[in-house]
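For reference, the chains in residue letters:
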Amino acid sequence: MTATVEFELEGLIENFDVHDERLKDHFYETLEAMRRRGPVHRSEAHGGYWVVVGHREVTQVARDWRHFSSAGGVVLAGTKPQKYVPVEYDPPQHQSFRRLLNPHFSKAAAATFEPQLAVFADKLIDAFIANGSADLTEAYAKPLAAHFFFDLFFGLSPDEAAQCERATNQAMFSSSVEDQIEGFSQLERYVRYLVVRRRELPSDGGFIDSVRTGEVDGRPVTEEELIGIIQLMIVGGDDTAVHTIGNVLLELGRHHDIRDRLAADVSLMPSVLEETIRHMPPAVSIMRTVTEDIELGGQQLQVGDRVILMWSSANRDETVFDDPAEFQVGRDNIRQHIAFGGGVHKCIGEWFARMIVSVAVERLLRRLPDLVVPPDAHIDYRMGQSRGPATVPVTFTAS
Ligand code: HEM
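Notes on the structure in this doc start here. (Residues numbered from 1 in each chain as written. Predicted model: local features only at pLDDT ≥ 70, side-chain atom pairs only at ≥ 80, totals over all residues. Heavy atoms only, no water.)

## Concerning the site of the ligand
In step 1: Not every one of the 26 residues close to the ligand is listed here, only the nearest: His 94, Arg 98, Arg 288, His 345 and Cys 347.
In step 2: Arg 98 is positioned with one of its side-chain polar atoms (N or O) 2.7 Å from an oxygen atom of the ligand.
In step 3: Interatomic distance of 3.5 Å between a backbone N/O atom of Gly 236 and a nitrogen atom of the ligand.
In step 4: Every element with two or more residues in the shell around the ligand is listed here: helix H4 (93-101), helix H11 (223-254) and strand S7 (285-290).
In step 5: Considering each element in turn, the shell around the ligand owes the most residues, six residues, to H11. (Near = heavy atom within 4 Å. Polar contact = N/O pair within 3.5 Å; in protein donor to acceptor, adjacent residues only side chain to side chain. Helix = DSSP H or I, 4+ residues; strand = E, 2+ residues; numbered from the N terminus.)

## Concerning the layout of surface pockets
In step 1: Empty space within the second largest pocket amounts to approximately 460 Å³.
In step 2: If you go around the second largest pocket, you meet 22 residues; those closest to its centre are Ile 334, Arg 335, Gln 336, His 337 and Lys 346.
In step 3: Only helix H3 (55-63), helix H13 (269-279) and helix H15 (350-367) provide two or more residues apiece to the lining of the second largest pocket.
In step 4: Here the element with the most residues in the lining of the second largest pocket is H13; it accounts for four residues.
In step 5: Residue composition of the lining of the second largest pocket, grouped by class: four nonpolar, ten polar and eight charged. (1 Å grid on protein atoms, 1.4 Å probe; cavity = no way out; pocket = protein on both sides within 12 Å on 5 of 7 lines; lining within 4 Å. Points joined across faces, edges and corners; volume = space filled by probe spheres on them. Nonpolar A, V, L, I, M, F, W, Y, C, P; charged D, E, K, R; others polar.)

## Remarks on the coordination of the iron atom of the ligand
In step 1: Of all protein atoms, just one serves as a donor to the iron atom of the ligand, and that atom is Cys 347 (SG), at 2.3 Å.
In step 2: Within the secondary structure, Cys 347 is located in the loop between helix H14 (311-314) and H15. (Donors = N, O, S within 2.8 Å, 3.2 Å for Na, K, Ca; no water.)

## Some words on the pairing of strand S2 (residues 49-52)
In step 1: What you see with S2 is no split at all: Tyr 49 and Val 51 on one side and Trp 50 and Val 52 on the other are buried throughout.
In step 2: Alignment of strand S1 (residues 40-43) against S2, held across four bridges, turns out to be antiparallel. What sits directly across from Val 40, in S2, is Val 52.
In step 3: Turn length for the S1-S2 hairpin, with the two strands adjacent in sequence and antiparallel, is five residues, and the turn residue His 46 shows positive phi of about 45°.
In step 4: Here S2 runs beside strand S10 (residues 306-310); their pairing, made up of three bridges, is parallel. The partner of Trp 50 across the bridge, within S10, is Val 307. (Buried < 20%, exposed > 50% of the residue type's maximum accessible area, 1.4 Å probe, protein only. Pairing = 2+ DSSP bridges.)

## Some details on the environment of Ala 121
In step 1: Positionally, Ala 121 belongs in helix H6 (residues 114-128).
In step 2: For the pair formed by Ala 121 and Glu 295, sequence separation is 174 residues and the distance between their alpha carbons is 49 Å.
In step 3: Leaving out residues up to four positions away in the same chain, Ala 121 has contacts with Tyr 140, Leu 144 and Arg 363. (Contact = heavy atoms within 4.5 Å.)

## Here we look at the environment of Thr 291
In step 1: By the element assignment, Thr 291 lies in the loop between S7 and strand S8 (294-296).
In step 2: A relative accessible area of 36% means that Thr 291 is categorised as partly exposed.
In step 3: As for Thr 291 and Pro 369, which are separated by 78 residues in sequence, their C-alpha atoms are 52 Å apart.
In step 4: Within polar-contact distance, the side chain of Thr 291 engages the backbone oxygen of Arg 66 at 2.5 Å.

Listed below in structure tokens is the structure:
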């Protein structure tokens, strides 16, 4: 490592901040340097918090909701106006929401969307396959994820789906924080409108309708809760899916041996997918608040302290994964990755994520088996609590 990079890392470690633009090109090096120094660090950014980087400590905090509460909020910088449900609740209320929501998110439920999503993926590919090149973020990953959420899962009309997609893109993918805040407000206003409108329509048996008429702890779900649930699905699921599709495609477009093995044997998909999610977790981090003084990784935390869990660091902890920076299909301890979280808040949408990304990659490889990411392409990574490639430029044989 050069002296300049060492110096730059020093500045990134001190008062570590996932929103620091300088992390774009030094993200994993910074986390590695922090792990070498210890599992838990202090940062004074955004009013101060503890940064947890060790796999053991991240897992411990994720599982211990009694000492590490989600009720104080899970997002670092205040871009969102709405309380998200159920992620910003602790048990027992959290469990009541999960009981209502879980049946909609099983592996079997995810599989029911596969055929329709595959048809839409093919339609998107038809639009650029004759060009011989494309940015797969704009032309493929974003519209595919939006189609899944707004058309298939929420069952919105084409106009409504387009409005939601616009607001989501602004909230999740704008480079300026002001634009993101405006996007989140638009999204909230729009989701509110959809919920009110849904009340006036006959039952359609879809997700929104079924949750709207459901009960938590023997009482009806309130309108505010329903709005918080729908918004969380969008902000927790849309960009994580887009980023994961982008990360897999970048890997395949750069490592043609893996691309060709996968194209020849699609049963490798789960291994490729899981390793991508371990190696480049799209959900970077999450916040908790300490409810009682406690020692963690050699540091003394006090009631009221905020803590940020770095999933992206835990997944590269060298005490758990051999050569963690390497992309290895078929790691035998891949199940120890913690990209979907752990404990009571473990991602409810993990089977949906796997389904969306598998459909996206399988359809694309079938049609563009020789896709290549040009070796000189510079990939800009979005930074924040979610991380992924802003563009995925590829070339391929036009047809
Ligand atoms: C590769 C894609 C995804 C990753 C890496 C991911 C990651 C995570 C993580 C780390 C958490 C834990 C949050 C915490 O501990 O507070 C979480 C929770 C959650 N995720 Fe995902 N997610 C993904 C896709 C999705 C999708 C597609 C959906 C929706 C369909 C979704 C919906 C949720 C919800 C609702 C929660 C909150 C669960 C709770 O609080 O009980 N996620 N996700």
